[in-house]
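Remarks on the overall topology
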Amino acid sequence: MAYLLKAAHAIDPQLHLDDICDVLIEDGEIAQIGKDLATPKDARVIDAAGKYLVPGLVDMHVHFRDPGFEYKETIETGSRAAVHGGFTDVATMPNTNPVTDTGAEIRYQLDHGREVGLVHIRPIGALTKESKGETLAEIGDMVMEGACAFSDDGHGVQSAGMMRTCMEYVSQFNRVVAAHCEVESLSANGVINEGRASTRLGMFGWPALAEELEISRDIELCRLTGCPLHICHISTARGADLVRQAKAEGLPVTAEVCPHHLFLNEEDITTTYNTNLKMNPPLRTADDARALQEAVVDGTIDCIVTDHAPHAAHEKDTEWEIAYFGTIGLETSLPLMLTRMVALNKLSWTRLVELMAVNPRRILRLEPIRLEAGCAADLTLIDPNLKIDVTEDYFESKSKNSAFIGEKLCGVATDVFVGGRRTLAEGIVTPQGEK
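Residues numbered from 1 in each chain as written. Predicted model: local features only at pLDDT ≥ 70, side-chain atom pairs only at ≥ 80, totals over all residues. Heavy atoms only, no water.

In the nomenclature of an unreviewed UniProt entry, the protein is known as Dihydroorotase of Lancefieldella rimae. The Pathway (unreviewed entry) comment attached to the protein in UniProt states, word for word, "Pyrimidine metabolism; UMP biosynthesis via de novo pathway; (S)-dihydroorotate from bicarbonate: step 3/3." (UniProt positions renumbered as here; feature names shortened; annotations may be inferred.)

**A closer look at the domain arrangement of the protein**
The domain architecture assigned to the protein consists of domain 1 (2-53 + 372-384 + 409-429) and domain 2 (56-364). Placing a centre on the C-alpha atoms of domain 1 and another on those of domain 2 gives a separation of 30 Å. Summed over both partners, the interface of domain 1 with domain 2 buries about 1,900 Å², with 71% contributed by carbon and sulfur atoms. On the domain 1 side of the interface with domain 2, the three residues burying the most area are P13, L409 and V429, jointly 29% of the side's total. The tally of links between domain 1 and domain 2 comes to 0 salt bridges. Applying the counting criterion to the domain 1 and domain 2 interface returns 7 residue pairs in polar contact (both at pLDDT 80 or more). Secondary-structure elements contributing two or more residues to the side of domain 1 that touches domain 2 are β16 (379-389), β17 (408-418) and β18 (421-425). A per-element tally of the side of domain 1 that touches domain 2 places β17 first, with 8 residues. (Domains from an automatic or database assignment. Buried area = accessible area lost by both parts, 1.4 Å probe. Salt bridge = Lys/Arg side-chain N within 4 Å of Asp/Glu carboxyl O. Polar contact = N/O pair within 3.5 Å; in protein donor to acceptor, adjacent residues only side chain to side chain. Helix = DSSP H or I, 4+ residues; strand = E, 2+ residues; numbered from the N terminus.)

**Some points on the packing of helix α8 (residues 237-248) against helix α10 (residues 286-298)**
The interhelical angle for the contact between α8 and α10, taken along N-to-C directions, is 25°, at an axis separation of 8 Å. Overall, the two elements α8 and α10 adopt an arrangement that is roughly parallel. The segment α8 lies against α10, with A237, A240 and R244 engaging D288, A291, L292, A295 and D298. For the contact of α8 with α10, the class distribution of residues is 5 nonpolar, no polar and 3 charged. (Axes fitted to C-alpha atoms, helices over the stretch in contact; angles between N-to-C directions. Parallel < 35°, antiparallel > 145°, perpendicular 65-115°, else oblique. Contact = heavy atoms within 4.5 Å. Nonpolar A, V, L, I, M, F, W, Y, C, P; charged D, E, K, R; others polar.)

**A short note on the environment of L251**
Within the fold, L251 resides in the loop between α8 and β14 (253-257). On the basis of relative accessibility, which here comes to 14%, the residue L251 falls in the buried class. Through-space distance from the C-alpha of L251 to that of E220 is 9.6 Å; in sequence the pair is 31 residues apart. (Buried < 20%, exposed > 50% of the residue type's maximum accessible area, 1.4 Å probe, protein only.)

**What to know about the pattern of salt bridges**
Applying the stated rule across the entire model yields 27 salt bridges. Notably, a salt bridge pairs R422 with D415, separated by 2.6 Å at the nearest N-O pair. With a relative accessible area of 0%, D415 lands in the buried category. One salt-bridge network, held together by shared partners, links K51, D415 and R422.

**Here's the deal with helix α7 (residues 208-225)**
Look at α7: 26 Å from first C-alpha to last across 18 residues, which is about the 26 Å you get at 1.5 Å a residue. Regarding α7, the residues found buried are A210, E211, E212, E214, I215, R217, D218, I219, L221, C222 and T225. Once α7 ends, the next one or two residues include G226, with phi positive near 80°. (Expected span 1.5 Å × (residues − 1).)

Structure representation (structure tokens):
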């Protein structure tokens with residue numbers, strides 16, 4: 001089906017594009033883009049006036065739990081959540097069961113993603129077998145099957161020697177190592193940020209140093225090996241400073257941050273013990289959150305990700321100490337960024353598109369998506385004025401463990417095109433594309 005998007009505000013920093021224009025989608029591509037385009041026969045016209053059209057959003061850090069933990073999320077339900085949140089591409093972390101550490105597991109995710117047909121699934125392979133940090137995983141096999149990056153996310157690779165081996169090997173394949181930075185001998189038993197929160201609530205603390213020490217180590221290993229390094233879910237001001245310094249030296253280091261670390265902090269954890277606020281790494285201080293927002297604006301942070309971590313109700317509705325770490329985030333990420341940063345003039349639309357569409361594709365070595373004729377029609381249409389109430393009923397995700405339930409946000413994706421198929425139509429998920 002052909003679509004003509006009329007009077008969209010097109011934003012694409014790759015083309016220095018920031019203008020009102022029409023976009024014609026035919027045969028899975030952008031056929032034309034310009035002013036006052038003629039409507040082809042049989043094309044469906046979409047009034048995009050007042051809306052923003054951007055290259056399809058990418059979340060390069062999600063957990064879909066499939067295979068092995070389908071009671072939390074599946075590739076289908078995760079894809080529904082992703083497209084509902086405005087995403088065309090998601091990179092899935094390997095902590096499944098079995099761990100995604102061979103080409104067969106990469107192929108499983110790609111095949112199931114194509115069957116669902118809502119978004120592009122971009123599997124990330126494990127660095128080490130079973131993510132145990134002991135033996136190199138089948139890196140070459142996974143590259144051949146389509147792995148876009150490598151990570152033992154959920155665990156830091158504790159041995160510096162093993163991490164060096166991983167980075168030296170991955171560097172041969174033009175892929176990035178995405179590092180979960182955590183020195184487990186320091187974070188052991190920690191369930192909340194070490195400091196005011198852990199003292200106030202009487203729980204074992206998780207020091208910022210556990211994250212920062214491994215960020216520093218992995219940057220030095222990047223310097224040694226030359227392997228591109230991506231720092232996952234930064235949560236501290238010092239961590240952002242370490243990345244800033246590495247970039248100033250010209251090292252191939254990039255970094256990501258999650259909305260919950262930007263907009264929540266340890267003081268939000270009260271004696272109600274809302275376990276949706278328990279995540280890894282933990283919520284840090286208000287000063288850390290402010291510093292991370294500044295790092296987003298100044299270019300230190302390259303990507304906004306969700307670390308979408310679905311869990312079943314019984315895994316969260318329990319005592320804080322034994323509740324599972326993590327929060328879902330695919331369906332609130334864009335509205336949070338629009339409400340808390342763009343609408344407050346802390347962040348431009350251009351910078352938002354860099355963070356959520358352009359930079360993740362570059363880091364993952366994916367083909368660029370540009371708003372120009374001949375490019376694949378992987379597109380997100382956004383209404384900046386549409387208000388949403390974040391309730392459990394709002395989510396397409398199988399799990400409902402959101403840290404932002406109860407929030408009122410403004411700005412949301414209304415339509416998503418994946419390969420020219422309209423997989424989100426006026427806010428409604430349309431499996432296999434609109435007919």
